[in-house]
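Next come the chains, spelled out residue by residue.
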Amino acid sequence: VWGVTASQASRERVVERFGIEAYLASQYPPPERLAQTRMLLLGVKPFKMAETLQQLSQAGLPDDSVIISLAAGWTLEQLRSALGKPNPFVRAMAN
């Protein structure tokens, strides 16, 4: 389990609270770490989703990694199109 956060302060909170590896979004995890990813939970703001998916695709996310999206307003077709890869997607909504 590892995470990606937007700021150094939130990265430090995640590491301390959950005891997991965390990377800054601007630096992304090392390619070898991303290559081991089998499931990815994306909790990014909807306006950042396209950029995030493009970065993940370019960084080498494996085609068989399941991606769970919490972004409101994004259809499965939009998610697949933005990623540009055949990964399976799941949409989940918080209440």
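Below: a short report on this structure.

Basis of the calculations
Residues numbered from 1 in each chain as written. Predicted model: local features only at pLDDT ≥ 70, side-chain atom pairs only at ≥ 80, totals over all residues. Heavy atoms only, no water. 1 Å grid on protein atoms, 1.4 Å probe; cavity = no way out; pocket = protein on both sides within 12 Å on 5 of 7 lines; lining within 4 Å. Points joined across faces, edges and corners; volume = space filled by probe spheres on them. Helix = DSSP H or I, 4+ residues; strand = E, 2+ residues; numbered from the N terminus. Nonpolar A, V, L, I, M, F, W, Y, C, P; charged D, E, K, R; others polar. Pairing = 2+ DSSP bridges. Axes fitted to C-alpha atoms, helices over the stretch in contact; angles between N-to-C directions. Contact = heavy atoms within 4.5 Å. Core = buried A, V, L, I, M, F, W, Y, C linked by side-chain atoms within 4.5 Å. Buried < 20%, exposed > 50% of the residue type's maximum accessible area, 1.4 Å probe, protein only. Right-handed = clockwise from strand over helix to strand, strands pointing away. Parallel < 35°, antiparallel > 145°, perpendicular 65-115°, else oblique.

1. A look at the layout of surface pockets
Argument step 1. Computed from the structure, the largest pocket encloses a volume of approximately 710 Å³.
Argument step 2. Along its surface, the largest pocket is lined by 24 residues, and Val-4, Thr-5, Leu-42, Gly-43 and Val-44 are the ones closest to its centre.
Argument step 3. Of all the secondary-structure elements, those providing two or more residues to the lining of the largest pocket are strand 1 (2–5), strand 3 (39–42) and helix 3 (49–59).
Argument step 4. Across the lining of the largest pocket, the residue classes break down as 13 nonpolar, 7 polar and 4 charged.

2. A few points about the sheet that holds strand 5 (residues 89–91)
Argument step 1. Spatially, 3 strands are ordered 3-4-5 in an open sheet, and the strand pairing comes out parallel. Since the sheet does not close on itself, it has two edges, and those belong to strand 3 and strand 5, each with one partner. This sheet shows a mean twist of 20° between the axes of neighbouring strands, independent of strand direction.
Argument step 2. Where strand 4 (residues 66–69) lies against strand 5, 3 bridges are found, and the strand directions are parallel. If you follow Ile-67 over to strand 5, its bridge partner there is Phe-89.
Argument step 3. Along the sheet, helix 3 contacts strand 3, strand 4 and strand 5; its crossing angle with strand 3, the most-contacted strand, is approximately 160°.
Argument step 4. Of the strands in this sheet, strand 4 and strand 5 are in contact with helix 4 (residues 76–83), which crosses strand 5 at around 140°.

3. Brief notes about the nonpolar core
Argument step 1. Membership of the largest hydrophobic core comes to 17 residues, with the highest contact counts inside it found for Leu-42, Met-49, Leu-53 and Leu-56.
Argument step 2. Mapped by element, the contributors of at least two residues to this core are strand 3, helix 3 and helix 4.
Argument step 3. Ignoring any residue separated from it by four or fewer positions in sequence, one finds Leu-42 in contact with Met-49, Thr-52, Leu-53, Leu-56, Ile-67, Ile-68, Ser-69 and Leu-70.

4. What to know about the pairing of strand 4
Argument step 1. Sheet analysis places strand 3 next to strand 4, joined by 4 bridges and oriented parallel. Its bridge partner being in strand 4, Leu-40 is matched across the sheet by Ile-67.
Argument step 2. One crossover worth recording links strand 3 to the parallel strand 4 by way of helix 3, and it is right-handed.
Argument step 3. Between the parallel pair strand 4 and strand 5, the chain is carried across by helix 4, and the sense of this crossover is right-handed.

5. Some remarks on the packing of helix 3 against helix 4
Relative placement of two packed helices is described by the angle separating their axes and the distance separating the axes.
Argument step 1. For the pair helix 3 and helix 4, the least separation of the axes is 8 Å and the interaxial angle reads 45°. The angle between the axes of helix 3 and helix 4 places the two elements in the oblique class. Contact with helix 3, carried on its side by Met-49, Ala-50, Leu-53, Gln-54 and Ser-57, involves Leu-79, Ala-82 and Leu-83 of helix 4 and no other residues of that element.
Argument step 2. Looking at side-chain class alone, the contact of helix 3 with helix 4 contains 6 nonpolar, 2 polar and no charged residues.

Treat this as a map of the structure, not an account of what it does.
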